[in-house]
Amino acid sequence: MVTALPNNRLVNAVFLEVLQDEKKSSWLPRYEASGRIQEANAGYIGRKKNIGPDGPNEVIDFKPPFLRIRVYPELEKRLQMKLPHPSTLDTPEAVAVLDRISTKHNVRCPPLRTAARFLDKLVGHFLEEEITSPTFIIDYPLVMSPLAKCHRTQPGLTERFKLFVGKKEICNGCTEQNDPFELRKRFVQQVKDRAAGDDEAHIVYEDFCTAMEYGLPPTGGCGMGIDRIAMFLTNSTNIQDIMLLPAMKNMLKRTANCMGEYRADI
């Protein structure tokens, strides 16, 4: 699907590096984003067009280092209340608390109403929508990050980060989970969530788990949305402006018509 503001990154560059973690992996998207903006604009200042005729352009400062905010402390600060402890998020009591918080703040959460879904909507409403200049959101809860390694000092959290610019996610990375037994356990839970109606949950990647049993060194990785970076570089509001395929649409249509006429002649 090609839309003006896609939910998915249509062009994604994935980077993996052994003997690294999320802190060291996050330098790459920071370097790529700030470096490309500096080369294109002869400086770190970029601009983002807003959708609609009345929306002013936003000035975005890509000068490193980027701000880093932690999911739980920042969310509690915005909500002005304590959230259930991250290690208890898989309990019905924690889900009920998140349900009440979402209802109170008019944050809609479609079925399946799990802790992961509630937190995703709350983070989007209170954190992501407030971000203009490049900001890392870090230390996501385990229930939201089945493929990330557990945080080494904070139970219930993971070593995962996302980079947001102008309210849009352009990068997602983590310290990769390399424990095959923990990974398989998480996949089993994902299958249960999928059976309950969560179409975003993973299936069991048995070959991947088997590969992990042979061994994977500590690894950091991230995926970066190249199309989002290109939109900032070109100050575009529509992804079709920076994609080749939509520009070729008329040519492809003419070719298809010619092929149809050719086959009719046969």
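Rules used in this analysis
Residues numbered from 1 in each chain as written. Predicted model: local features only at pLDDT ≥ 70, side-chain atom pairs only at ≥ 80, totals over all residues. Heavy atoms only, no water. Buried < 20%, exposed > 50% of the residue type's maximum accessible area, 1.4 Å probe, protein only. Helix = DSSP H or I, 4+ residues; strand = E, 2+ residues; numbered from the N terminus. Pairing = 2+ DSSP bridges. Polar contact = N/O pair within 3.5 Å; in protein donor to acceptor, adjacent residues only side chain to side chain. Contact = heavy atoms within 4.5 Å. Expected span 1.5 Å × (residues − 1). Arc of directions from axis to C-beta. Axes fitted to C-alpha atoms, helices over the stretch in contact; angles between N-to-C directions. Parallel < 35°, antiparallel > 145°, perpendicular 65-115°, else oblique. Left-handed = near helix turned anticlockwise from the far one by under 90°. Nonpolar A, V, L, I, M, F, W, Y, C, P; charged D, E, K, R; others polar. pLDDT = per-residue confidence, 0-100. Patch = residues over 30% accessible without salt bridge, like charges linked within 9 Å, V, L, I, M, F, W, Y side chains within 5 Å. Areas by Shrake-Rupley, 256 points an atom, 1.4 Å probe, with all protein chains shown as cover. Salt bridge = Lys/Arg side-chain N within 4 Å of Asp/Glu carboxyl O.

**As for the pairing of strand β7 (residues 168-175)**
With 6 of 8 residues buried, β7 lies mostly within the body of the structure. The pairing of strand β6 (residues 160-165) with β7 spans 6 bridges and is antiparallel. Each bridged residue has a counterpart across the sheet, and for Val165 the counterpart in β7 is Lys168. A loop of 2 residues connects β6 with β7, the two strands running antiparallel in sequence, and Gly166 in this loop sits at a positive phi of about 55 degrees. Pairing between β7 and strand β8 (residues 219-225): 5 bridges, direction antiparallel. Within β8, the residue paired with Gly173 across the bridge is Cys222.

**Here we look at the side chain of Ser34**
Counting through the fold element by element, Ser34 comes out in helix α2 (residues 27-41). With a relative accessible area of 6%, Ser34 lands in the buried category. A polar atom in the side chain of Ser34 sits 2.7 Å from the backbone oxygen of Arg30. Discounting residues that sit within four places of it in the chain, Ser34 has contacts with Tyr44, Phe62, Pro64 and Phe66.

**A few points about the environment of Asp198**
Within the secondary structure, Asp198 sits in the loop between α6 (180-195) and α7 (206-214). Separated by 86 residues in sequence, Asp198 and Leu112 have C-alpha atoms that sit 5.7 Å apart. Leave out the neighbours within four places in its chain, and Asp198 touches Leu112, Arg117 and Asp193.

**Some points on unusual backbone geometry**
Look at the link from Pro64 to Pro65: it is a cis peptide, with omega at 0 degrees. Inspection of the secondary structure puts Pro65 in the loop between β3 (58-61) and β4 (67-70). Note that the residue after Pro111, namely Leu112, is joined by a cis bond; omega there is -5 degrees. Tracing the backbone through its elements, the reader meets Leu112 in the loop between α4 (92-104) and α5 (115-126). The backbone phi angle of Gln80 is positive, close to 60 degrees, even though this residue is not glycine. Structurally, Gln80 can be placed in the loop between α3 (71-79) and α4.

**As for α4**
The end-to-end C-alpha distance of α4 is 18 Å, a good match for the 18 Å that 13 residues give at a rise of 1.5 Å each. All of the buried residues along α4 are Ala94, Leu98, Ile101 and Ser102. One face of α4 carries all of its buried residues, which in axial projection span an arc of 100 degrees. α4 presents Pro92, Glu93, Arg100, Thr103 and Lys104 as exposed residues on the side facing more than 90 degrees away from its buried surface. Where α4 is buried, its residues meet α3 and α5. The positive-phi residue at the C-terminal boundary of α4 is Asn106, with phi of around 60 degrees.

**Details of the packing of α2 against helix α8 (residues 226-234)**
Angle between the axes and distance between the axes are the two parameters that describe a pair of packed helices. Axis separation between α2 and α8 bottoms out at 10 Å; the angle between their running directions is 30 degrees. Relative to α8, the element α2 lies roughly parallel. Two packed elements cross with a definite hand, and for α2 against α8 that hand is right-handed. Two secondary-structure elements touch here, α2 through Ala33, Arg36, Ile37 and Ala40 and α8 through Ile229, Phe232 and Leu233. A breakdown of the residues in the contact of α2 with α8 according to their chemical character gives 6 nonpolar, no polar and 1 charged.

**Observations concerning the confidence of the model for the protein**
On average, the protein scores 82 in pLDDT, and the residues at 70 or more come to 83%. Every residue in residues 1-9 is under pLDDT 50, and counting partners more than four places away or in other chains gives 24 contacts. Confidence drops under a pLDDT of 50 for residues 261-266, and excluding neighbours within four residues, the segment shows 0 contacts in the predicted structure.

**A few points about a nonpolar patch on the surface**
The grouping of Val188, Val191 and Val204 at the surface amounts to a nonpolar patch, some 190 Å² of accessible area in total. Within the secondary structure, Val204 is located in the loop between α6 and α7.

**Structural notes on the pattern of salt bridges**
Summed over the entire model, instances satisfying the criterion amount to 12 salt bridges. For Asp99, the salt bridge is made with Arg113, and the minimal N-O distance between the two is 2.7 Å. Placement of Asp99 in helix α4 and of Arg113 in the loop between α4 and α5 is noted, with a sequence separation of 14 residues between them. When its relative accessible area of 25% is taken as the criterion, Asp99 is described as partly exposed. By relative accessible area, which is 38% here, Arg113 ends up partly exposed.

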